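Summary of structural features
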Amino acid sequence: MRRYRVRTDAHASLVGAGEGAVDPAALFGRSAPLRLEIGFGHGEFISQMAAVHPDEDFLGVEYDHLRVTKTAHKCLKLGVGNVRLFGGDAHDYVRRLPAQALARVYILFPDPWPKAGHRRRRLVNRGFLADLARACAPGCRLLFASDTHNYALQVLSNATTLPGLWRTPWGGGGFRFDIPTRFPTTFERHKKEEGCSICYLLLERSGQPAPDAPPP
Ligand SMILES: C[S@@+](CC[C@H](N)C(=O)[O-])C[C@H]1O[C@@H](n2cnc3c(N)ncnc32)[C@H](O)[C@@H]1O
């Protein structure tokens, strides 16, 4: 990762700056369906998705600034221009997005915080899901994946008990194990190599307005 300590001008052209409201039309110079990946890590998924969907725009947010530069590097290698990457905390970031902006959201292998005493540090809690709901257009779909099954089930329960905001289009409990994926992420590959089973959720945003105040 050492080589990504230096962010070239070309890398920087794909990296969003500032701390205020995000303006997708200004970032991309057009208005197109918008997808967001949260915690994109080494960037395999967002770079390849953006390459195969040139008519859509992709935002990514990732805590680790070296991974942001590495992902910008990957996008440049693929000749991808419809991506803007942001360094920082995903919860702060979703609050900066315009209301009803997103058509798709991906949260793939978020940090699991597996110890019971650390679970409150998990990103995808009720407050986060309510804030994310505000940034999602009606019908927006959220794909979540984790090998930590209790995290996935916690997210499913949090989302579907936020009154009326999210529903799951999948029957049979709302989760699936080990479905085939188009562009597996680094963590997905590692976990499969270790023999872990992966739990996936698909959530869909309803048309109900998101609450102004976060839920208790
Ligand atoms: C377990 S890794 C998974 C990376 C990638 N999605 C994958 O599947 O390979 C979790 C990623 O989320 C990032 N992350 C953790 N908490 C975050 C937060 N609050 N905001 C943004 N990114 C976060 C970490 O830096 C890390 O890159």
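The paragraphs below set out a description of the structure included in this document. This one's a predicted model, so the numbers in the text were calculated from it and none came from an experiment.

With that out of the way, let us pick up the site of the ligand. Around the ligand sit 16 residues, and of these E62, R67, D89, L108 and T185 come closest. At a separation of 2.6 Å, an oxygen atom of the ligand approaches a polar side-chain atom of R67. For the ligand, the protein covers 91% of the area, taking 590 Å² as the surface of the free molecule. Classifying every residue of the shell around the ligand gives seven nonpolar, five polar and four charged.

Bringing the side chain of R205 into the picture now. Along the polypeptide, R205 turns up in strand β8 (residues 199–205). Among buried charged residues, R205 stands out as having no salt bridge; its nearest opposite-charge side chain is E204, 10 Å away. Among the polar contacts made by the side chain of R205, one reaches the main-chain carbonyl oxygen of A133 at a distance of 2.7 Å. In terms of polar contacts, R205 uses its side chain to reach the side chain of S206, at 3.4 Å. The residues touching R205, leaving out its near neighbours within four places in the chain, are A133, C136, A137, P138, G139, C140, L165, W166 and A210.

With five of its seven residues buried, strand β4 (residues 102–108) lies for the most part within the structure. Pairing analysis gives four bridges linking strand β1 (residues 34–38) to β4, with the strands arranged parallel. Across the sheet, the residue bridging to R35 is R104, located in β4. Sheet topology note: the β4/strand β5 (residues 136–146) ladder contains six bridges and is parallel. Residue Y106 lies in a different strand from β5, and its bridge partner there is L143. For the crossover that starts at β4, traverses helix α6 (residues 126–135) and ends in the parallel β5, the hand is right-handed.

With 12 residues, helix α7 (residues 149–160) should cover 16 Å at 1.5 Å per step; its first-to-last C-alpha distance of 17 Å lies within 8% of that length. Turning to α7, its buried residues number three or more, namely Y151, A152, V155, L156, N158 and A159. Buried residues of α7, seen end-on, are gathered within an arc of 170° and therefore sit on one face of the element. Where the residues of α7 are buried, they touch α6, β5, β6 (166–167), β7 (175–177) and β8.

Counted under the stated rule, the structure contains four aromatic pairs. For the pair F45 and Y106, a centre-to-centre distance of 4.8 Å together with 65° between the ring planes defines the contact as edge-to-face. Of this pair, F45 sits in helix α3 (residues 44–52) while Y106 sits in strand β4, placing them 61 residues apart in sequence. Taking the relative accessible area as the measure of exposure, Y106 reaches 8% and is therefore buried. The interplanar angle of 75° and the centroid separation of 5.7 Å between the aromatic rings of F175 and F177 together place this pair among those described as edge-to-face. Here F175 falls in the partly exposed class, since its relative accessible area comes to 29%. In this arrangement the basic side chain of R122 is found over the ring face of Y151, its NZ or CZ atom lying 4.5 Å from the centre.

About the cut-offs
- Residues numbered from 1 in each chain as written.
- Predicted model: local features only at pLDDT ≥ 70, side-chain atom pairs only at ≥ 80, totals over all residues.
- Heavy atoms only, no water.
- Near = heavy atom within 4 Å.
- Polar contact = N/O pair within 3.5 Å; in protein donor to acceptor, adjacent residues only side chain to side chain.
- Areas by Shrake-Rupley, 256 points an atom, 1.4 Å probe, with all protein chains shown as cover.
- Nonpolar A, V, L, I, M, F, W, Y, C, P; charged D, E, K, R; others polar.
- Helix = DSSP H or I, 4+ residues; strand = E, 2+ residues; numbered from the N terminus.
- Buried < 20%, exposed > 50% of the residue type's maximum accessible area, 1.4 Å probe, protein only.
- Lys, Arg positive; Asp, Glu negative; His and termini not counted.
- Salt bridge = Lys/Arg side-chain N within 4 Å of Asp/Glu carboxyl O.
- Contact = heavy atoms within 4.5 Å.
- Pairing = 2+ DSSP bridges.
- Right-handed = clockwise from strand over helix to strand, strands pointing away.
- Expected span 1.5 Å × (residues − 1).
- Arc of directions from axis to C-beta.
- Phe/Tyr/Trp six-rings, centres within 6.5 Å; stacked < 30°, edge-to-face > 60°.
- Lys NZ or Arg CZ within 6 Å of the ring centre and 35° of its normal.

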